[in-house]
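For reference, the chains in residue letters:
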Amino acid sequence: MSLDPNTSIGFHDPKLVIPASAAEIGAWSNTLIAMGELVFIVVIMNADLSVRRTMDVEMRKAIANGDFQLHYQPQINEAGRVVSAEALIRWRHAKMGNVPPVKFIPLAEETGLIVPIGNWVLRAACAQLAQWEAQQHTQHLTMAVNVSASQFRQPDFVQTVSEIIRLSGVTPSKLKLELTESMFIDNVDATVAKMIALKAIGISWSLDDFGTGYSSLSVLNRFPLGQIKIDKSFVRDMLTNARNMVVTQAIIELAGKLNLQVIAEGVETREQLNRLREVGCLNYQGYFFSPPLDIDAFGTFLLPAPSKSKTFS
Ligand code: C2E
Ligand code: CA
Ligand code: CA
(Lines give C-alpha, C1' and ligand atoms only; values in the text may rest on other atoms or scores of the structure.)
(Ligands and ions follow the chains in the order given, each with its own letter.)
Protein backbone atom coordinates (compact mmCIF):
# COMPACT_ATOMS: atom_id res chain seq x y z
CA MET A 1 0.00 0.00 0.00
CA SER A 2 1.38 3.44 -0.87
CA LEU A 3 0.86 6.34 1.47
CA ASP A 4 -0.27 9.65 0.14
CA PRO A 5 1.98 12.20 1.86
CA ASN A 6 -0.81 14.70 1.75
CA THR A 7 -3.08 12.50 3.73
CA SER A 8 -2.84 13.30 7.44
CA ILE A 9 -3.56 10.06 9.14
CA GLY A 10 -5.60 10.38 12.29
CA PHE A 11 -5.78 14.16 12.45
CA HIS A 12 -9.38 14.18 11.63
CA ASP A 13 -10.17 11.68 14.31
CA PRO A 14 -11.85 13.90 16.94
CA LYS A 15 -10.46 11.65 19.71
CA LEU A 16 -6.91 12.48 18.66
CA VAL A 17 -7.29 16.19 18.11
CA ILE A 18 -6.02 18.29 21.08
CA PRO A 19 -8.83 20.54 22.28
CA ALA A 20 -8.20 24.23 21.68
CA SER A 21 -8.22 24.97 25.43
CA ALA A 22 -5.49 22.36 26.06
CA ALA A 23 -3.39 23.65 23.16
CA GLU A 24 -3.65 27.12 24.66
CA ILE A 25 -2.48 25.82 28.04
CA GLY A 26 0.47 24.10 26.25
CA ALA A 27 1.40 27.30 24.50
CA TRP A 28 1.17 29.22 27.76
CA SER A 29 3.27 26.72 29.64
CA ASN A 30 5.92 26.86 26.89
CA THR A 31 5.94 30.63 27.18
CA LEU A 32 6.17 30.42 30.96
CA ILE A 33 9.06 27.95 30.78
CA ALA A 34 10.89 30.23 28.32
CA MET A 35 10.27 33.22 30.59
CA GLY A 36 11.48 31.23 33.59
CA GLU A 37 14.68 30.37 31.76
CA LEU A 38 15.15 34.01 30.80
CA VAL A 39 14.63 35.14 34.40
CA PHE A 40 17.13 32.48 35.51
CA ILE A 41 19.72 33.72 32.99
CA VAL A 42 19.14 37.34 34.04
CA VAL A 43 19.48 36.39 37.72
CA ILE A 44 22.74 34.53 37.00
CA MET A 45 24.04 37.45 34.93
CA ASN A 46 23.12 39.88 37.67
CA ALA A 47 24.74 37.69 40.28
CA ASP A 48 27.86 37.53 38.09
CA LEU A 49 27.71 41.28 37.59
CA SER A 50 27.31 41.86 41.30
CA VAL A 51 30.25 39.52 42.09
CA ARG A 52 32.33 41.45 39.57
CA ARG A 53 31.20 44.77 41.05
CA THR A 54 32.04 43.59 44.56
CA MET A 55 35.44 42.36 43.40
CA ASP A 56 36.07 45.69 41.70
CA VAL A 57 35.20 47.64 44.86
CA GLU A 58 37.31 45.29 46.99
CA MET A 59 40.27 45.59 44.64
CA ARG A 60 40.08 49.38 44.81
CA LYS A 61 40.07 49.15 48.60
CA ALA A 62 42.99 46.72 48.50
CA ILE A 63 45.00 49.19 46.41
CA ALA A 64 44.18 52.03 48.80
CA ASN A 65 44.84 49.96 51.95
CA GLY A 66 47.97 48.27 50.66
CA ASP A 67 46.48 44.79 51.00
CA PHE A 68 48.44 43.25 48.17
CA GLN A 69 51.65 41.42 48.81
CA LEU A 70 54.36 39.94 46.68
CA HIS A 71 55.61 36.40 46.92
CA TYR A 72 58.82 35.28 45.28
CA GLN A 73 59.44 32.01 43.51
CA PRO A 74 63.10 31.06 43.18
CA GLN A 75 64.62 30.55 39.75
CA ILE A 76 67.51 28.12 39.81
CA ASN A 77 70.46 27.75 37.44
CA GLU A 78 72.31 24.62 36.31
CA ALA A 79 74.56 24.77 39.35
CA GLY A 80 71.55 24.67 41.68
CA ARG A 81 71.98 28.30 42.67
CA VAL A 82 69.09 30.71 43.15
CA VAL A 83 69.82 33.38 40.54
CA SER A 84 66.51 35.12 40.32
CA ALA A 85 62.94 35.24 41.56
CA GLU A 86 59.58 35.73 39.93
CA ALA A 87 57.41 38.22 41.81
CA LEU A 88 53.83 36.93 42.06
CA ILE A 89 51.05 39.01 43.53
CA ARG A 90 49.06 37.77 46.51
CA TRP A 91 45.82 39.17 47.91
CA ARG A 92 44.68 38.19 51.33
CA HIS A 93 41.20 39.55 51.83
CA ALA A 94 39.76 39.87 55.35
CA LYS A 95 36.56 38.03 54.42
CA MET A 96 37.28 36.24 51.15
CA GLY A 97 40.62 34.85 52.36
CA ASN A 98 43.37 34.32 49.80
CA VAL A 99 42.12 35.37 46.40
CA PRO A 100 44.25 33.70 43.70
CA PRO A 101 45.59 35.95 40.91
CA VAL A 102 43.62 34.04 38.25
CA LYS A 103 40.45 35.20 40.04
CA PHE A 104 41.22 38.91 40.04
CA ILE A 105 43.94 39.70 37.48
CA PRO A 106 41.69 39.06 34.44
CA LEU A 107 38.96 41.24 35.95
CA ALA A 108 41.49 43.95 36.79
CA GLU A 109 42.60 43.72 33.15
CA GLU A 110 39.04 44.35 31.97
CA THR A 111 38.36 47.26 34.27
CA GLY A 112 41.75 48.90 33.85
CA LEU A 113 42.61 48.47 37.55
CA ILE A 114 45.54 46.37 36.42
CA VAL A 115 47.39 49.61 35.68
CA PRO A 116 47.59 50.86 39.30
CA ILE A 117 47.98 47.25 40.51
CA GLY A 118 50.76 46.55 38.01
CA ASN A 119 52.52 49.78 38.94
CA TRP A 120 52.32 48.82 42.59
CA VAL A 121 53.83 45.41 41.73
CA LEU A 122 56.68 47.11 39.87
CA ARG A 123 57.37 49.53 42.72
CA ALA A 124 57.25 46.77 45.35
CA ALA A 125 59.46 44.46 43.26
CA CYS A 126 62.01 47.24 42.67
CA ALA A 127 62.01 48.16 46.36
CA GLN A 128 62.79 44.52 47.14
CA LEU A 129 65.48 44.40 44.46
CA ALA A 130 67.06 47.49 45.99
CA GLN A 131 67.26 45.68 49.34
CA TRP A 132 68.79 42.62 47.70
CA GLU A 133 71.32 44.80 45.91
CA ALA A 134 72.34 46.34 49.23
CA GLN A 135 73.35 43.00 50.72
CA GLN A 136 76.30 40.95 49.66
CA HIS A 137 74.64 37.54 49.70
CA THR A 138 71.67 38.69 47.62
CA GLN A 139 73.18 41.27 45.31
CA HIS A 140 73.46 38.80 42.42
CA LEU A 141 69.68 38.26 42.33
CA THR A 142 67.52 39.46 39.47
CA MET A 143 63.74 39.79 39.55
CA ALA A 144 61.10 38.79 37.01
CA VAL A 145 57.88 40.80 37.03
CA ASN A 146 54.70 39.97 35.10
CA VAL A 147 53.36 42.73 32.90
CA SER A 148 49.82 42.47 31.64
CA ALA A 149 48.60 43.50 28.22
CA SER A 150 46.72 46.66 29.15
CA GLN A 151 49.54 47.79 31.40
CA PHE A 152 52.01 47.36 28.55
CA ARG A 153 49.67 49.19 26.15
CA GLN A 154 49.60 52.36 28.28
CA PRO A 155 51.13 55.16 26.23
CA ASP A 156 53.34 56.15 29.17
CA PHE A 157 54.46 52.59 30.02
CA VAL A 158 58.11 53.25 29.15
CA GLN A 159 58.24 56.46 31.19
CA THR A 160 56.43 54.86 34.14
CA VAL A 161 58.81 51.89 34.31
CA SER A 162 61.88 54.11 33.83
CA GLU A 163 60.69 56.39 36.60
CA ILE A 164 60.01 53.52 39.02
CA ILE A 165 63.48 52.14 38.33
CA ARG A 166 65.09 55.54 38.75
CA LEU A 167 63.34 56.24 42.05
CA SER A 168 64.18 52.82 43.45
CA GLY A 169 67.83 53.21 42.55
CA VAL A 170 68.17 49.60 41.33
CA THR A 171 70.43 48.56 38.50
CA PRO A 172 67.98 48.23 35.58
CA SER A 173 69.61 45.03 34.30
CA LYS A 174 68.36 43.32 37.47
CA LEU A 175 64.79 43.67 36.23
CA LYS A 176 63.25 41.20 33.79
CA LEU A 177 59.77 41.90 32.50
CA GLU A 178 57.59 38.95 31.48
CA LEU A 179 55.22 39.32 28.57
CA THR A 180 52.93 36.79 26.94
CA GLU A 181 52.56 36.08 23.24
CA SER A 182 49.10 37.60 23.04
CA MET A 183 50.75 41.00 23.40
CA PHE A 184 52.69 40.51 20.20
CA ILE A 185 49.69 40.18 17.92
CA ASP A 186 48.74 43.83 17.42
CA ASN A 187 50.75 47.01 17.01
CA VAL A 188 53.97 45.18 16.34
CA ASP A 189 55.97 48.34 15.66
CA ALA A 190 54.80 50.10 18.84
CA THR A 191 55.49 46.96 20.87
CA VAL A 192 59.00 46.58 19.48
CA ALA A 193 59.67 50.30 20.07
CA LYS A 194 58.65 50.05 23.74
CA MET A 195 60.71 46.92 24.25
CA ILE A 196 63.77 48.48 22.64
CA ALA A 197 63.39 51.68 24.68
CA LEU A 198 63.40 49.76 27.97
CA LYS A 199 66.09 47.38 26.79
CA ALA A 200 68.23 50.42 26.07
CA ILE A 201 68.27 51.27 29.77
CA GLY A 202 69.17 47.68 30.67
CA ILE A 203 65.84 45.96 31.34
CA SER A 204 65.46 42.52 29.78
CA TRP A 205 62.40 40.77 28.37
CA SER A 206 61.17 37.27 28.98
CA LEU A 207 58.44 35.54 26.99
CA ASP A 208 56.12 33.80 29.44
CA ASP A 209 54.06 30.64 28.74
CA PHE A 210 56.09 29.94 25.62
CA GLY A 211 54.59 27.39 23.27
CA THR A 212 50.96 28.01 24.16
CA GLY A 213 50.33 30.75 21.59
CA TYR A 214 49.80 30.55 17.86
CA SER A 215 52.83 32.33 16.58
CA SER A 216 55.55 31.37 19.02
CA LEU A 217 58.26 30.93 16.43
CA SER A 218 57.74 34.15 14.50
CA VAL A 219 57.72 36.08 17.77
CA LEU A 220 61.24 34.91 18.56
CA ASN A 221 63.05 36.81 15.85
CA ARG A 222 60.83 39.87 15.71
CA PHE A 223 61.03 41.01 19.31
CA PRO A 224 64.07 41.89 21.42
CA LEU A 225 63.70 39.05 23.92
CA GLY A 226 66.39 37.81 26.25
CA GLN A 227 64.66 34.74 27.65
CA ILE A 228 61.82 32.35 26.94
CA LYS A 229 59.92 30.47 29.61
CA ILE A 230 58.79 27.03 28.51
CA ASP A 231 55.20 26.77 29.62
CA LYS A 232 54.40 24.42 32.45
CA SER A 233 52.03 22.37 30.30
CA PHE A 234 55.04 21.21 28.22
CA VAL A 235 57.04 20.36 31.30
CA ARG A 236 54.09 18.48 32.81
CA ASP A 237 53.51 16.28 29.75
CA MET A 238 57.09 15.96 28.60
CA LEU A 239 57.74 12.54 30.07
CA THR A 240 54.45 10.98 29.02
CA ASN A 241 53.97 12.53 25.60
CA ALA A 242 56.76 11.89 23.10
CA ARG A 243 55.63 14.68 20.77
CA ASN A 244 55.73 17.13 23.65
CA MET A 245 59.29 16.09 24.38
CA VAL A 246 60.26 16.64 20.74
CA VAL A 247 58.72 20.12 20.78
CA THR A 248 60.42 21.00 24.07
CA GLN A 249 63.76 19.85 22.73
CA ALA A 250 63.29 21.82 19.51
CA ILE A 251 62.40 24.96 21.49
CA ILE A 252 65.57 24.62 23.55
CA GLU A 253 67.77 24.09 20.49
CA LEU A 254 66.24 26.99 18.61
CA ALA A 255 66.54 29.30 21.60
CA GLY A 256 70.20 28.33 21.91
CA LYS A 257 70.80 29.24 18.25
CA LEU A 258 69.05 32.57 18.75
CA ASN A 259 71.09 33.29 21.88
CA LEU A 260 68.02 33.28 24.10
CA GLN A 261 68.14 31.98 27.61
CA VAL A 262 65.61 29.24 28.35
CA ILE A 263 63.90 28.65 31.65
CA ALA A 264 61.41 25.86 32.29
CA GLU A 265 58.50 26.66 34.60
CA GLY A 266 56.37 24.20 36.52
CA VAL A 267 59.21 21.79 37.26
CA GLU A 268 57.68 19.50 39.83
CA THR A 269 59.73 16.29 39.81
CA ARG A 270 63.34 15.18 39.70
CA GLU A 271 62.56 13.21 36.52
CA GLN A 272 61.41 16.36 34.77
CA LEU A 273 64.48 18.21 35.99
CA ASN A 274 66.85 15.47 34.80
CA ARG A 275 65.21 15.28 31.37
CA LEU A 276 65.33 19.07 30.98
CA ARG A 277 69.01 19.08 31.86
CA GLU A 278 69.69 16.30 29.35
CA VAL A 279 68.14 18.32 26.56
CA GLY A 280 70.05 21.46 27.50
CA CYS A 281 67.61 23.53 29.55
CA LEU A 282 69.69 25.04 32.31
CA ASN A 283 67.29 27.23 34.28
CA TYR A 284 64.30 26.07 36.25
CA GLN A 285 61.39 27.21 38.34
CA GLY A 286 58.77 25.08 40.02
CA TYR A 287 57.45 23.30 43.07
CA PHE A 288 60.31 20.78 42.91
CA PHE A 289 62.52 23.57 44.19
CA SER A 290 60.04 25.77 45.96
CA PRO A 291 56.58 27.30 45.72
CA PRO A 292 56.35 31.11 45.70
CA LEU A 293 57.40 32.31 49.18
CA ASP A 294 56.83 35.38 51.26
CA ILE A 295 59.93 37.48 51.74
CA ASP A 296 60.92 35.90 55.06
CA ALA A 297 60.59 32.35 53.76
CA PHE A 298 62.45 33.37 50.60
CA GLY A 299 65.29 34.66 52.77
CA THR A 300 65.40 31.34 54.61
CA PHE A 301 65.37 29.46 51.31
CA LEU A 302 68.46 31.36 50.23
CA LEU A 303 70.44 30.22 53.25
CA PRO A 304 72.80 27.38 52.50
CA ALA A 305 71.26 24.17 53.82
CA PRO A 306 72.66 20.65 53.52
CA SER A 307 69.26 19.36 52.39
CA LYS A 308 69.37 21.54 49.27
CA SER A 309 72.50 19.90 47.89
CA LYS A 310 70.39 16.83 47.07
CA THR A 311 68.49 18.96 44.56
CA PHE A 312 71.21 18.44 41.99
CA SER A 313 72.76 14.99 41.80
P1 C2E B 1 52.44 32.83 35.54
O2 C2E B 1 53.08 34.13 35.29
O3 C2E B 1 52.55 31.79 34.50
O4 C2E B 1 53.01 32.34 36.94
C5 C2E B 1 53.29 31.01 37.26
C6 C2E B 1 52.18 30.39 38.06
O7 C2E B 1 52.46 29.00 38.23
C8 C2E B 1 52.06 30.96 39.46
O9 C2E B 1 50.69 30.91 39.84
C10 C2E B 1 52.86 29.96 40.28
O11 C2E B 1 52.50 29.93 41.65
C12 C2E B 1 52.50 28.68 39.60
N13 C2E B 1 53.52 27.65 39.75
C14 C2E B 1 54.81 27.79 40.15
N15 C2E B 1 55.46 26.60 40.15
C16 C2E B 1 54.55 25.67 39.77
C17 C2E B 1 54.62 24.25 39.59
O18 C2E B 1 55.65 23.61 39.78
N19 C2E B 1 53.48 23.64 39.16
C20 C2E B 1 52.33 24.34 38.92
N21 C2E B 1 51.26 23.65 38.50
N22 C2E B 1 52.23 25.68 39.09
C23 C2E B 1 53.33 26.34 39.50
P24 C2E B 1 49.99 32.17 40.51
O25 C2E B 1 50.91 32.87 41.45
O26 C2E B 1 48.68 31.69 41.02
O27 C2E B 1 49.77 33.15 39.30
C28 C2E B 1 48.92 32.81 38.23
C29 C2E B 1 49.03 33.83 37.13
O30 C2E B 1 48.55 35.11 37.57
C31 C2E B 1 50.46 34.07 36.68
O32 C2E B 1 50.86 33.04 35.82
C33 C2E B 1 50.31 35.42 36.00
O34 C2E B 1 49.76 35.26 34.72
C35 C2E B 1 49.29 36.11 36.90
N36 C2E B 1 50.02 36.94 37.87
C37 C2E B 1 50.52 36.64 39.08
N38 C2E B 1 51.12 37.72 39.64
C39 C2E B 1 50.97 38.72 38.75
C40 C2E B 1 51.36 40.11 38.74
O41 C2E B 1 52.02 40.63 39.65
N42 C2E B 1 51.01 40.85 37.62
C43 C2E B 1 50.32 40.30 36.58
N44 C2E B 1 50.03 41.07 35.53
N45 C2E B 1 49.96 39.00 36.55
C46 C2E B 1 50.26 38.23 37.63
CA1 CA C 1 55.07 34.72 34.71
CA1 CA D 1 53.98 31.17 33.00
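Read on for a plain summary of the structure.

Turning next to the overall build of the protein chain. Scanning the protein chain from terminus to terminus reveals 11 helices and 9 strands. Counting over 313 residues, the protein chain shows a buried share of 40%. When the accessible surface of the protein chain is split by element, carbon and sulfur atoms take 59% of a total near 17,800 Å².

Before going further, it helps to examine the packing of helix 5 (residues 157–168) against helix 6 (residues 188–200). Look at helix 5 against helix 6: their axes get within 10 Å of each other, and the N-to-C directions meet at 20°. Overall, the two elements helix 5 and helix 6 adopt an arrangement that is roughly parallel. Crossing geometry of helix 5 relative to helix 6 is assigned as right-handed. Two secondary-structure elements touch here, helix 5 through F157, V158, V161 and S162 and helix 6 through K194, A197 and L198. For the contact of helix 5 with helix 6, the per-class residue count stands at 5 nonpolar, 1 polar and 1 charged.

Taken together, the protein ligands of the calcium ion (ligand 3) are D208 (OD), D209 (OD), E265 (OE) and E265 (OE), with distances of 2.2 to 2.5 Å. Along the chain, the residues donating to the calcium ion (ligand 3) fall in the pattern D-D-x55-E. For D208, a relative accessible area of 8% translates into the label buried. Assessed through its relative accessible area of 7%, E265 is described here as buried.

On to the coordination of the calcium ion (ligand 2). Within the first shell, the calcium ion (ligand 2) binds the protein through E86 (OE), N146 (OD1), E178 (OE) and D208 (OD), at distances of 2.2 to 2.3 Å. Mapping the donors of the calcium ion (ligand 2) onto the primary sequence yields the spacing E-x59-N-x31-E-x29-D. In this structure, the calcium ion (ligand 2) lies 4.1 Å from the calcium ion (ligand 3), and both are coordinated by D208. Of this pair, E86 sits in strand 2 (residues 82–93) while N146 sits in strand 4 (residues 142–146), and the two are 60 residues apart along the sequence.

What follows covers the environment of G211. Residue position: G211 is located in the loop between strand 6 (204–210) and helix 7 (216–222). Counting along the chain gives 37 residues from G211 to T248, while the straight-line C-alpha distance between them is 8.7 Å.

For any two helices packed against each other, one specifies the inter-axial angle together with the distance between the axes. Contact pair helix 3 (residues 114–134) / helix 5: the axes reach a minimum separation of 9 Å and the direction vectors enclose 30°. If you check the angle between helix 3 and helix 5, you find them roughly parallel. For helix 3 against helix 5, the interelement crossing comes out right-handed. Facing helix 3, whose interface residues are N119, L122, R123, C126 and A130, helix 5 presents T160, V161, I164, I165 and S168. The residue inventory of the contact of helix 3 with helix 5, partitioned by class, reads 6 nonpolar, 3 polar and 1 charged.

Let us now look at the nonpolar core. Taken as a class, soluble globular proteins show a tendency for nonpolar side chains to be buried jointly. Residues V145, L175, L177, W205, L225 and I228 are the most contacted members of the largest nonpolar core, which totals 78 residues. Among the elements that make up this core, the one with the highest residue count is helix 3 (10 residues). Among the domains, domain 1 (19–65) and domain 2 (69–312) are the pair contributing at least three residues each to this core. When near neighbours in sequence (up to four residues on either side) are disregarded, L177 contacts L122, V145, V147, F157, V161, L198, I203, S204, W205 and S206.

This paragraph deals with the pairing of strand 5 (residues 175–180). Buried residues dominate strand 5, accounting for 5 of its 6 residues. Pairing between strand 4 and strand 5: 4 bridges, direction parallel. Counterpart to M143 in the pairing with strand 5 is L175. Of the strand pairs in this sheet, strand 5 and strand 6 are connected by 5 bridges, and their pairing is parallel. Directly across from E178, in strand 6, lies its bridge partner S206. Handedness of the β-α-β unit built from strand 5, helix 6 and strand 6 comes out right-handed.

The rules behind these values
- Throughout this document, residue positions are counted from 1 along each chain, in the order its sequence is written.
- Lettering for chains starts from A, numbering for ligands starts from 1, and both go in the order in which the items are written.
- Side-chain atom pairs in this predicted model are given and counted only at pLDDT of 80 or more, local residue features only at pLDDT of at least 70, and totals for whole chains, interfaces and linings cover all residues.
- Only heavy atoms go into the side-chain values, all of them from the structure, while hydrogens and water stay out.
- Comment: elements are numbered from the N terminus, with helices defined as DSSP H or I runs of at least four residues and strands as E runs of at least two.
- For every residue, the accessible area obtained with a 1.4 Å probe (protein chains only) is divided by the maximum for its type, and the residue is called buried under 20%, exposed over 50%, and partly exposed between those limits.
- Accessible surface area values rest on a Shrake-Rupley calculation with a 1.4 Å probe, where residue burial reflects the displayed protein chains alone.
- Lines fitted to the C-alpha atoms define the axes, with helices restricted to the stretch that makes contact. Angles between their N-to-C directions range from 0 to 180 degrees.
- These descriptions rest on fixed angle ranges, namely under 35 degrees for roughly parallel, over 145 for roughly antiparallel, 65 to 115 for roughly perpendicular, and the rest for oblique.
- If you view the pair so one helix is near and one far, a crossing is left-handed when the near helix is turned anticlockwise from the far one by less than a right angle, and right-handed when it is turned clockwise.
- Throughout, a contact is declared for two residues whenever any of their heavy atoms are within 4.5 Å.
- Each residue gets one of three labels, nonpolar for Ala, Val, Leu, Ile, Met, Phe, Trp, Tyr, Cys and Pro, charged for Asp, Glu, Lys and Arg, and polar for the others, Gly among them.
- Any nitrogen, oxygen or sulfur atom within 2.8 Å of a metal ion counts as a donor, with the limit raised to 3.2 Å for Na, K and Ca, and since water is left out, coordination shells can look unfinished.
- Here, nonpolar core means buried Ala, Val, Leu, Ile, Met, Phe, Trp, Tyr and Cys residues that are tied together by side-chain atoms lying within 4.5 Å of each other.
- Residue ranges assigned to each domain were obtained from an automatic or database domain assignment.
- At least two DSSP bridges between two strands are required for those strands to pair.
- Viewed with both strands pointing away, a crossover whose connecting path from the first strand over the helix to the second turns clockwise is right-handed.

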